[in-house]
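Survey of secondary and tertiary structure
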Amino acid sequence: MARSMCWHCQSEVTGEYFCDRCVKVQPLSKESDYFTCFGLPRLLTIDAQTLETKFYELSRAFHPDFFQRKTDAEQAISLGNSALLNTAYRTLKDPIRRAEYLVQLEAGSVKDIRTSPPADLFEEILELQDDLDGFRAASADNEISERDRLQAKLMDKREHLKRRQQAMESDLRSLFTTWDHLQAQDDRNQAVRAEKDVTLKHMREILSNRTYLRNIINDLTATIG
Amino acid sequence: MARIFGIDLGTTNSLIAYMDGATPRVIPGRHERTMVPSVVALTDNGIIVGDPAKDYLVRGSERTVYSVKRFMGKGLADVAEELKYFPYRMTEQGGVIRIQLGEKSYSPPQISAMILKELKLRAEAYLGEDVSKVVITVPAYFNDSQRQATKDAGMIAGLEVLRIINEPTAASLAYGLQKRTQGRIAVFDLGGGTFDISILKLKNGIFEVLSTNGNTHLGGDDFDRAVADHLLEEIRGRHGIDVHDFPDTMQSVRLEAERAKIRLSDEQKTSVALDLPEGRGTFHSELTRDQLEALTKHLVEQTLAPCRSALQDAGLQPSDVDEVVLVGGSTRMPLVRCRVQDLFGKMPHSHLNPDEVVALGAAVQADILSGGIQDMLLLDVTPLSIGIETMGGVMSTLIRRNTTIPASAKEMFTTYVDGQTSVDIHILQGERELAKDNRSLARFQLKLPPLPAGVPRIEVTFLIDANGILNVTAKDVRTEKIQSIQVKPSYGLSDSEVERMIGESFKFAVEDLQARQFIEARTEAEAIMKATEKALRQGRQLITPDETETIKASLAALEAARTQGDHKAIRARIADVEKATHHLAEVLMDHSLKEALENKKLSELT
């Protein structure tokens, strides 16, 4: 945590979350990112156990339950810190959210929302939409055999799409390793920086394709059950 | 610092508990009973609460309020379907239900406040100390309006509500304290009016809620109603009477249905007896457990889907759950136990009294807040997603359900038209796509400086605190100024209404207390008179004729006080009777007839 001044006694805060002199809780800086909040480097491979242990430890430090008898100012800090901590944990715990967050931190701009299918899925998605329309029409008109035929076909498609999603996730995991490896290297090296940019760009693309695919799968499930 | 108490404000019964050293204990009232029936009656002598009020259900049903928890944080339209089941009259004002009692109408938080005050008095009498700070439990699936209404009830009762805590998680605290459990547990909580399922991970004193689900309109009341409807049908068939026309008898049927249901948890078959209205004789019938289960099967089934959703949200299979804990009186039903066991594939348990465990857990949370217990920490979640209405009537979710609380989300607002000076914001709670399908929580208006479109930037922070209650603040990003906003709750009392009700509550406190003391004394006098007469019949030959005369005289004096005196006079005459019967009680006990005087307990007489 960055060194700063205690809001209460104005002495320099060197401890992690509490002022050494007056023992008041310190607000987590609004600038500090979720990784910093957990005292972690910006790496994408995170051990779930370590993260949980740290989350519990910080929860014990900040939770409003333990500030009931403190001043209003301290209660407000406790509430703010706990809310931030909970968001940070939720984000870092899930590998996809973690990657989205890191891409946003490193390369700015939020995840771009894809509205048209990725190029390599274009044909497949168009056909799928046709089949979905057909399924809805058959259901509405009570054409049982046609509906069942399309339902079976769509279920197959769904399985296929799910495998695609898994493939994307495995691609992501290998990019996680690449990223973590690059983070260990000297950032002043132009080649390292360039490779990082490529990795981030690649991750962002897979993340947005994956989100698109997941929405399609959810839609499918909502329609065909 | 004053001690903090834990309160279970239940649909059917309420309890208050405290930490006695390292052990949570429920505070008993007279006759050692720990539960205060959540019933409030308006009598000719004023308002009474609890056991004595319960007697009025069958002789003044239109002025006796029960199950008020069902109406907390609700508008009349929300409960339209079940209005016909309640004998008291309800109206609506400002999105809040009002219950008519005589000349006056009361909001559900005001009625709940009367129950809370009763609990406060009970604890004060028992411990001889002031009760001012409390933790109150609510169903985990209670929405924001219902939680706020509960907090309002506490304020109206003159209590400082330090925390609103979820019932199933409170229960887990009581269990955790006792057994130091580790692993994943599911708490299945079926109470008088609500159902909750919560899945928790317990590790080194941290109680992390993974997911929660439920139904705030499913509980013992619904089971009683199913049985009562069956009995009403039978009465109509056999006696040609439509009991719906007789509100007091309707309540007798409801209460008898409840008692039969309870008996059928231990027995296979039970008999039912009811006095018919207008002296038209007595209705006798029999009910088997099979019949009960056929009548209520669909209700038990309704608990299973929320369990499956909770498991899914926690990312778990039923077999991942290490322990299933049962909470709430309705989990005593064998069918409930059986279905829960089927679903989770393991035997559920209720080592702690399912009626008391929530109050015990509330006392544990109270102790954590007062700095007593330091190694336990509950990390709860918000049961329902919170969002705002966006263009086209769609809900945009800001904080998803099952997010650990405290939780916050920020949203930036700007203008679409030059010189626009305000933005209307509608806050919603629920899981549906469209705003209209979700629960409206509140509306407020953001004030903006007149600037070109898109220039103003107001950052609004939505923060769900540790009580699961939403707080909204707004900040002008350009000026860094915090903007105060007036949030208008859709189904809640305004701040000024709560203020007024707190005032009224104090104003009537003295009158209410006198009425309460009088009615309690009178009820006890009646019970003592009955018991003493019975003892006299059984033990007359064991005492001298002089003694008999003394006892008779004391009884006559008590009867006179009961009809004419105030509560102090009645209490004094009760003491006289107890003194006069002291020897009689002894000799009766010597003759191992000791039940006779012990039976003066109100519970066994009514």
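About the cut-offs
Residues numbered from 1 in each chain as written. Chains lettered and ligands numbered in written order. Predicted model: local features only at pLDDT ≥ 70, side-chain atom pairs only at ≥ 80, totals over all residues. Helix = DSSP H or I, 4+ residues; strand = E, 2+ residues; numbered from the N terminus. Rg over C-alpha atoms; globule rule 2.2 N^0.38 Å. Buried ≥ 20, exposed ≤ 12 C-beta atoms within 10 Å, placed from the backbone. Contact = placed C-beta atoms within 7 Å. Pairing = 2+ DSSP bridges. Nonpolar A, V, L, I, M, F, W, Y, C, P; charged D, E, K, R; others polar. Axes fitted to C-alpha atoms, helices over the stretch in contact; angles between N-to-C directions. Core = buried A, V, L, I, M, F, W, Y, C linked by C-beta atoms within 7 Å. Domains from an automatic or database assignment. Arc of directions from axis to C-beta.

1. Details of the overall build of chain B
Helix and strand counts for chain B stand at 17 helices and 28 strands. In terms of overall size, chain B behaves like a compact globule, its C-alpha atoms giving a radius of gyration of 27 Å where 606 residues would be expected to give roughly 25 Å. Residues counted as buried form 49% of the 606 residues belonging to chain B. Contacts spanning at least 24 positions in sequence make up 68% of the contacts within chain B whose residues lie at least 6 apart.

2. Observations concerning the pairing of strand 24 (residues 439-447) of chain B
All names here are of chain B. Relative to strand 24, strand 23 (residues 422-429) runs antiparallel, the two sharing eight bridges. Paired with Val-423 across the strands is Leu-446, a residue of strand 24. Pairing between strand 24 and strand 28 (residues 488-489): two bridges, direction antiparallel. Its bridge partner lying in strand 28, Arg-443 is registered against Lys-488.

3. Observations regarding the interface of chain A and chain B
Chain A puts 13 residues into the contact, and the matching count from chain B is 16 residues. Its residues placed into classes, the side of chain A that touches chain B shows four nonpolar, five polar and four charged.

4. Section: the sheet that holds strand 8 (residues 89-93) of chain B
Residue and element names in this part refer to chain B. Across the sheet, which stays open at both edges, the three strands sit in the order 8-9-10 with antiparallel pairing between neighbours. The open sheet has two edge strands with one neighbour each: strand 8 and strand 10 (104-106). Within this sheet the neighbouring strands show an average axis-to-axis angle of 40°, counted without direction. Pairing of strand 8 with strand 9 (residues 96-101), which is carried by five bridges, proceeds in the antiparallel orientation. Each residue of the ladder has a partner; that of Arg-89, found in strand 9, is Gln-100.

5. Considering the packing of helix 3 (residues 144-156) of chain B against helix 11 (residues 495-507) of chain B
Two numbers describe a pair of packed helices, the interaxial angle and the distance between the axes. Residue and element names in this part refer to chain B. Contact pair helix 3 / helix 11: the axes reach a minimum separation of 8 Å and the direction vectors enclose 35°. The segment helix 3 lies against helix 11, with Asp-152, Met-155 and Ile-156 engaging Val-498, Met-501, Ile-502 and Ser-505. Considering only residue class, the contact of helix 3 with helix 11 consists of five nonpolar, one polar and one charged.

6. Description of the nonpolar core
Proteins that are soluble and globular tend to have nonpolar side chains buried together. All names here are of chain B. The biggest cluster of nonpolar side chains holds 171 residues, and the ones touching the most others in it are Phe-5 and Ile-7. With ten residues, helix 10 (residues 357-369) is the largest single contributor of residues to this core. Those residues in contact with Ile-7 that lie beyond four places of it in its chain are Ser-14, Ile-16, Leu-116, Leu-119, Val-134, Val-135, Ile-136, Thr-137, Ala-359 and Ala-362. Ala-525, Ile-570, Ile-574 and Leu-588 belong to the second largest nonpolar core, which has 17 residues in total.

7. Observations concerning unusual backbone geometry
All names here are of chain B. Here Ile-405 and Pro-406 are connected by a cis peptide whose omega angle stands at 0°. Its location among the elements puts Pro-406 in the loop between strand 21 (394-399) and strand 22 (407-413). Although it is not a glycine, Ser-67 adopts a positive phi angle of roughly 50°. By the element assignment, Ser-67 lies in the loop between strand 7 (64-66) and strand 8.

8. A closer look at the domain arrangement of chain B
You can read the domains of chain B as domain 1 (4-218 + 302-379), domain 2 (220-300), domain 3 (386-501) and domain 4 (509-605). Of note, the centres of domain 2 of chain B and domain 3 of chain B, computed from C-alpha atoms alone, are 48 Å apart.

9. Considerations on the sheet that holds strand 26 (residues 470-476) of chain B
Residues and elements named next belong to chain B. Reading across the sheet, the four strands line up as 22-25-26-27 and stay open at both edges, with antiparallel pairing between neighbours. Two strands close off the open sheet at either side, each with one partner strand: strand 22 and strand 27 (481-483). Taking each pair of neighbouring strands and ignoring which way they run, the sheet shows an average axis angle of 25°. When strand 26 meets strand 27, the two strands line up antiparallel, connected through three bridges. Across the sheet, the residue bridging to Asp-476 is Lys-481, located in strand 27.

10. Topic: the pairing of strand 6 (residues 46-49) of chain B
Residues and elements named next belong to chain B. Here strand 5 (residues 39-43) runs beside strand 6; their pairing, made up of four bridges, is antiparallel. Residue pairing across strands places Ala-41 opposite Ile-48, the latter belonging to strand 6. What sits between strand 5 and strand 6 in their antiparallel hairpin is a turn of two residues.

11. Points about helix 9 (residues 334-344) of chain B
Residues and elements named next belong to chain B. Of the residues making up helix 9, those classed as buried are Val-336, Arg-337, Val-340, Leu-343 and Phe-344. One face of helix 9 carries all of its buried residues, which in axial projection span an arc of 130°. Residues of helix 9 that are buried sit in contact with strand 13 (183-190), helix 7 (289-301), helix 8 (304-314) and strand 18 (323-327).

12. Brief notes about the domain arrangement of chain A
All names here are of chain A. Considered domain by domain, chain A is made up of domain 1 (4-93) and domain 2 (119-224). Its C-alpha centre places domain 1 at a distance of 36 Å from the equivalent point of domain 2. Listed per partner, the contact involves five residues of domain 1 and four residues of domain 2. Residues of the side of domain 1 that touches domain 2, tallied by class, amount to three nonpolar, one polar and one charged.

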